[in-house]
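Geometric and topological summary
So the chains spell out like this:
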Amino acid sequence: MHSLKFKLIVFVVVIISITSTILSMISLNIIKDEMTSTANHSVMNITQGAVNSFKGQNQKELDFLQSIAAIDFFTSESLSVLEKNNELKKIAATKQGKANYTFYDKDGRTTAPNGMLIPPSNADYVKAALGGKSFISEPTFEPRANLNFIYYSVPVFNENKQVIGVLVSAANSIWLQMVSNNMTLGEDSHPAVISAKSGKLLTSFGEYEADTDVKDIALGNDFQQILNTALSGKTGMGSYFDPKQKTQIIVAYAPFTDGSNWIAIGSCPYIVFAKNIDLVKKQIGLFGVILCIAAIIFVVII
């Protein structure tokens with residue numbers, strides 16, 4: 001027969017083990033819920049931060065155009081389109097080639113390199129500004145430069161608040177990818193930009209390059225449903241299982257609301273945040289073992 005002390009040791013160890021297991025399960029559930037909430041907030045905050053960064057760059061370009069459009073030289077109706085375009089070349093030179101600037105008259109005409117007026121433009125960015133609104137275009141490939149440009153335009157008003165022309169800047173769209181690369185979610189994920197108008201990526205998204213149609217992103221039906229909701233102009237979150245990474249991915253999305261029809265989408269593997277849960281599991285397990293050893297030593301001593 002076992003001694004009373006042995007039975008007491010077994011009893012104490014069993015009680016501590018059961019108590020530790022119950023407390024561990026409760027603690028892990030609480031931690032998991034908190035971790036999920038923290039992960040969701042983190043991904044959404046970074047995505048919203050990306051929206052603000054992209055919008056800020058767009059607004060910076062529009063503000064610069066509007067500051068030029070307010071100069072008397074460009075509001076004057078006595079100066080020719082050629083004179084105004086020559087002045088814009090000087091301004092472009094101070095920007096170190098970051099953008100090209102063009103003036104169009106109230107009929108949508110500008111000048112060719114030889115100084116001759118060319119036929120009215122049917123470009124959306126010209127028509128929108130002639131209608132009194134600022135405009136941000138989709139990145140557009142220009143074969144002559146072999147680059148993608150984003151066209152920004154603002155109306156030019158005379159002293160009677162009548163539109164007398166349009167100021168347009170053509171900026172290399174590479175800045176979109178640069179801003180994306182400078183923002184990180186988790187370990188190596190970056191927020192991406194999607195055009196709600198074309199349904200294409202404007203920056204890379206994981207292994208998918210810019211200009212990819214989002215319908216061709218093969219990440220499953222759950223991800224496509226998230227994209228469809230994002231493309232509808234809503235702000236929200238979702239998750240999907242990535243078969244390649246074999247893990248759950250958290251996704252946040254938000255529209256720009258600046259007239260660009262762009263959407264930011266950020267994603268990050270949940271496992272990046274769940275690593276802390278694994279650490280807590282080990283710590284709780286170690287704590288339970290220490291308690292059992294301490295209880296056995298205590299019972300043996302007494």
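Calculation notes
- Residues numbered from 1 in each chain as written.
- Predicted model: local features only at pLDDT ≥ 70, side-chain atom pairs only at ≥ 80, totals over all residues.
- Heavy atoms only, no water.
- Helix = DSSP H or I, 4+ residues; strand = E, 2+ residues; numbered from the N terminus.
- Buried < 20%, exposed > 50% of the residue type's maximum accessible area, 1.4 Å probe, protein only.
- Contact = heavy atoms within 4.5 Å.
- Areas by Shrake-Rupley, 256 points an atom, 1.4 Å probe, with all protein chains shown as cover.
- Phe/Tyr/Trp six-rings, centres within 6.5 Å; stacked < 30°, edge-to-face > 60°.
- Pairing = 2+ DSSP bridges.
- Salt bridge = Lys/Arg side-chain N within 4 Å of Asp/Glu carboxyl O.
- Core = buried A, V, L, I, M, F, W, Y, C linked by side-chain atoms within 4.5 Å.
- Axes fitted to C-alpha atoms, helices over the stretch in contact; angles between N-to-C directions.
- pLDDT = per-residue confidence, 0-100.
- Polar contact = N/O pair within 3.5 Å; in protein donor to acceptor, adjacent residues only side chain to side chain.

1. Quick look at the overall build of the protein chain
Broken down by element type, the protein chain carries 7 helices and 9 strands. Across the 302 residues of the protein chain, 40% fall into the buried class. Considering only intrachain contacts with a sequence separation of at least 6, the fraction spanning at least 24 residues in the protein chain is 53%. Taken as a whole, the protein chain presents about 17,100 Å² of accessible surface, with 58% of it coming from carbon and sulfur.

2. Structural notes on the packing of aromatic side chains
Evaluated as defined, the whole model comprises 8 aromatic pairs. Ring geometry for phenylalanine 54 against phenylalanine 256: centres 5.8 Å apart, planes inclined by 15°, an arrangement best described as stacked. Residue phenylalanine 54 is located in helix H1 (residues 4-69), and its partner phenylalanine 256 is located in the loop between strand S8 (247-255) and strand S9 (262-269); the two are separated by 202 residues in the primary sequence. Taken as a pair, phenylalanine 54 and phenylalanine 256 share a single burial class, namely buried. With a centroid separation of 5.3 Å and an interplanar angle of 75°, the aromatic rings of phenylalanine 73 and phenylalanine 74 are classed as edge-to-face. Classification of phenylalanine 74 by relative accessible area gives buried; the value is 1%.

3. Notes on the pairing of strand S5 (residues 163-172)
Burial analysis of S5 places 8 of its 10 residues in the buried class, the great majority of the element. Summarising the sheet, strand S1 (residues 99-105) and S5 pair through 7 bridges and their orientation is antiparallel. Across the sheet, the residue bridging to tyrosine 104 is valine 166, located in S5. Sheet topology places strand S4 (residues 147-157) next to S5; 9 bridges connect them, and they run antiparallel. Counted as the bridge partner of valine 154 is leucine 167 from S5. Two successive antiparallel strands, S4 and S5, enclose a turn made up of 5 residues, where lysine 161 displays a positive phi of approximately 65°.

4. Let's talk about the pattern of salt bridges
Tallying each qualifying case throughout the model produces 7 salt bridges. In this structure, lysine 244 engages glutamate 207 in a salt bridge whose closest nitrogen and oxygen atoms are separated by 3.1 Å. Separated by 37 residues along the polypeptide, lysine 244 in the loop between strand S7 (236-242) and S8 and glutamate 207 in the loop between strand S6 (192-195) and helix H6 (221-231) bring together distant segments of the chain. Linked through salt bridges whose partners overlap, the residues forming this network are Asp105, Asp107 and Arg109.

5. Some points on the nonpolar core
If you look at the biggest cluster of nonpolar residues, it comprises 33 residues, and the most contacted ones within it are Phe54, Leu88, Tyr152, Leu167, Trp175 and Trp262. Here this core gets 7 residues from one element, more than from any other, and that element is H1. Counting 18 residues, the second-largest nonpolar core is a separate cluster that includes Ile194, Tyr208, Ile263 and Ile265.

6. Quick notes on the side chain of threonine 47
Considering the arrangement of structural elements, one finds threonine 47 in helix H1. Taking relative accessible area as the criterion, threonine 47 reaches 0% and is therefore assigned buried. Not counting residues up to four positions away in its chain, the partners in contact with threonine 47 are Leu185, Ala252, Tyr253, Ala254, Ala264, Ile265 and Gly266.

7. Focus on the environment of lysine 84
With respect to the helices and strands, lysine 84 occurs in helix H3 (residues 81-94). Excluding its chain neighbours within four sequence positions, the residues that come into contact with lysine 84 are Phe73, Phe74, Ser76, Leu79, Phe103 and Ile164.

8. Some details on the sheet that holds S7
Hydrogen bonding along the main chain pairs the strands of a sheet, whether they run parallel or antiparallel. Ordered in space as S6-S9-S8-S7, the 4 strands form an open sheet in which the pairing is antiparallel. Two strands in the sheet have a free side with no partner beyond their single neighbour: S6 and S7. Strand-to-strand twist across the sheet, computed as the mean angle between neighbouring axes with direction ignored, equals 30°. Sheet strands in contact with H6 are S6, S7, S8 and S9, and its direction is about 160° off that of S7.

9. As for the confidence of the model for the protein chain
Averaged over the protein chain, the pLDDT score is 83; the fraction of residues at 70 or greater is 77%. Element-level pLDDT for the protein chain is lowest in helix H7 (residues 271-301), with a mean of 59, against a maximum mean of 96 in helix H4 (residues 124-130).

10. Here's the deal with the side chain of serine 153
Along the chain, serine 153 turns up in strand S4. The exposure class assigned to serine 153 is buried, which follows from its relative accessible area of 0%. Among the polar contacts listed, one links the side chain of serine 153 to the backbone oxygen of tyrosine 125, at a separation of 2.6 Å. Leave out the neighbours within four places in its chain, and serine 153 touches Leu62, Leu65, Tyr125, Ala129, Lys133, Ser134, Phe135, Val166, Leu167 and Val168.

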